[in-house]
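Now for the letters of each chain:
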Amino acid sequence: MLIRPEQPQDYQQVEQLVQTAFASAEYSDGQEQTLVANLRHNSQAFIPALSLVAEIDQQLVGYILFTKAQVGAQTVLALAPLAVLPEYQQQGIGKQLIQRGHQIARQLGYNYVLVLGHEHYYPKFGYQPAASLGVTVSADFPPANFFACRLLALAVPLQGTVTYAPEFGL
Ligand SMILES: CC(C)(COP(=O)(O)OP(=O)(O)OC[C@H]1O[C@@H](n2cnc3c(N)ncnc32)[C@H](O)[C@@H]1OP(=O)(O)O)[C@@H](O)C(=O)NCCC(=O)NCCS
């Protein structure tokens with residue numbers, strides 16, 4: 001399997017795979033593919049090196065996107081969405097996309113990633129309740145599903161509420 005940055009010629013296939021993956025997801029508004037398309041146009045938030053695809057035999061089977069968000073004065077990353085095609089799930093592809101994303105994020109100098117997601121999934125990858133890392137939680141972010149991951153042990157502590165890119169509508 002190859003994990004690589006998404007290219008413009010992948011856009012359509014990525015949107016299709018995101019839609020397919022979320023069609024059977026527990027939590028979905030059915031618009032995750034539109035969110036990806038909209039975020040690509042936000043040059044303040046979109047980081048091409050952190051829009052990653054997983055490819056097997058020239059087919060795109062997984063996708064992960066990290067965009068810029070703000071906690072107080074610190075710029076952090078927001079992980080959303082993460083999607084793996086149903087027939088390729090439970091094979092470690094999601095895990096590898098997260099780990100590669102974290103590796104690139106560290107290289108780019110980001111200290112934290114936030115995610116709103118499954119309470120049994122993200123703790124496997126170093127995520128802990130966002131409040132425990134100093135992120136003030138509002139009603140839009142259920143505490144049991146709102147996580148933060150510290151990428152660098154010596155990162156300056158977070159302090160404040162999160163502001164996502166406007167495309168998230170949060
Ligand atoms: C969630 C998703 C990305 C996981 O991808 P995946 O490639 O199947 O995950 P992995 O195979 O890397 O799983 C890694 C570990 O998490 C576990 N896991 C997988 N899906 C899980 C889930 N939904 N809830 C809890 N644990 C899960 C696996 O059993 C595995 O555990 P292990 O390391 O102890 O063996 C995928 O199921 C998906 O695309 N779902 C639909 C879209 C979605 O819900 N995205 C996430 C939004 S928060």
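Treat the numbers as computed from the prediction; the structure is a model and nothing was measured. (Residues numbered from 1 in each chain as written. Predicted model: local features only at pLDDT ≥ 70, side-chain atom pairs only at ≥ 80, totals over all residues. Heavy atoms only, no water.)

Asks: How do you make sense of the layout of surface pockets when you look at a structure like this?
Replies: One simple way to see leftover space: roll a probe sized like a water molecule over the atoms. Roughly 1300 Å³ of internal volume is contained in the largest pocket. Lining the largest pocket are 39 residues, with Phe22, Tyr27, Leu82, His118 and Tyr122 positioned closest to its centre. Contributing elements (two or more residues each) for the lining of the largest pocket: helix H1 (11-23), helix H2 (32-40), strand E4 (74-84), helix H3 (93-107) and strand E5 (112-116). It is E4 that provides the largest number of residues to the lining of the largest pocket, a total of 6 residues. When the residues that make up the lining of the largest pocket are grouped by side-chain class, the tally is 22 nonpolar, 11 polar and 6 charged. (1 Å grid on protein atoms, 1.4 Å probe; cavity = no way out; pocket = protein on both sides within 12 Å on 5 of 7 lines; lining within 4 Å. Points joined across faces, edges and corners; volume = space filled by probe spheres on them. Helix = DSSP H or I, 4+ residues; strand = E, 2+ residues; numbered from the N terminus. Nonpolar A, V, L, I, M, F, W, Y, C, P; charged D, E, K, R; others polar.)

Asks: Is there a simple way to explain H2 in this structure?
Replies: One full turn of an α-helix is made of 3.6 residues, so residues set three or four places apart face in the same direction. Counting buried positions along H2 yields 7 of 9 residues, so the element is predominantly enclosed. On its buried face, H2 sits against H1, strand E2 (46-56), strand E3 (59-71) and E4. (Buried < 20%, exposed > 50% of the residue type's maximum accessible area, 1.4 Å probe, protein only. Contact = heavy atoms within 4.5 Å.)

Asks: Just checking my understanding: could you explain the site of the ligand for this structure?
Replies: If you check the shell around the ligand, you find 20 residues, and the closest are Val84, Gln90, Gly92, Gly94 and Lys95. A distance of 2.8 Å separates an oxygen atom of the ligand from a polar atom in the backbone of Val84. Gln89 places a side-chain nitrogen or oxygen 3.3 Å from an oxygen atom of the ligand. Within the complex, the protein chains bury 74% of what would otherwise be the 890 Å² of accessible surface of the ligand. A molecule is said to occupy a pocket when more than half its atoms come within 2 Å of that pocket's grid points, and by this definition the ligand occupies the largest pocket. At the level of elements, H1, E4 and H3 are the ones that each hand at least two residues to the shell around the ligand. (Near = heavy atom within 4 Å. Polar contact = N/O pair within 3.5 Å; in protein donor to acceptor, adjacent residues only side chain to side chain. Areas by Shrake-Rupley, 256 points an atom, 1.4 Å probe, with all protein chains shown as cover. Sits in = over half its atoms within 2 Å of the grid points.)

Asks: Whenever I open this one, the packing of aromatic side chains confuses me. Can you help?
Replies: Remark: the centre distance and the inter-plane angle together describe each pair of aromatic rings, the angle taken between the planes. Applying the stated rule across the entire model yields 6 aromatic pairs. Measuring from ring centre to ring centre gives 5.6 Å for Phe141 and Tyr164, while their planes differ by 15°; the resulting arrangement is stacked. With Phe141 in the loop between strand E7 (135-136) and strand E8 (146-150) and Tyr164 in the segment after strand E9 (160-163), this pair connects stretches of sequence that are 23 residues apart. With respect to class, Phe141 is no different from Tyr164; both count as buried. Each ring, one from Tyr164 and one from Phe168, has its centre 5.0 Å from the other, and the planes form 70°; the classification is edge-to-face. Per residue, the accessibility class of Tyr164 equals that of Phe168, and both read buried. (Phe/Tyr/Trp six-rings, centres within 6.5 Å; stacked < 30°, edge-to-face > 60°.)

Asks: How do you make sense of the packing of H1 against H2 when you look at a structure like this?
Replies: A pair of packed helices is characterised by two quantities: the angle between their axes and the separation of those axes. Remark: H1 packs on H2, axes separated minimally by 8 Å, with the N-to-C direction vectors making an angle of 145°. Between H1 and H2, the residues in contact are Tyr11, Val14, Glu15, Val18, Gln19 and Phe22 and Glu32, Gln33, Val36, Ala37 and Arg40, respectively. In terms of residue class, the contact of H1 with H2 is made up of 6 nonpolar, 2 polar and 3 charged. (Axes fitted to C-alpha atoms, helices over the stretch in contact; angles between N-to-C directions.)

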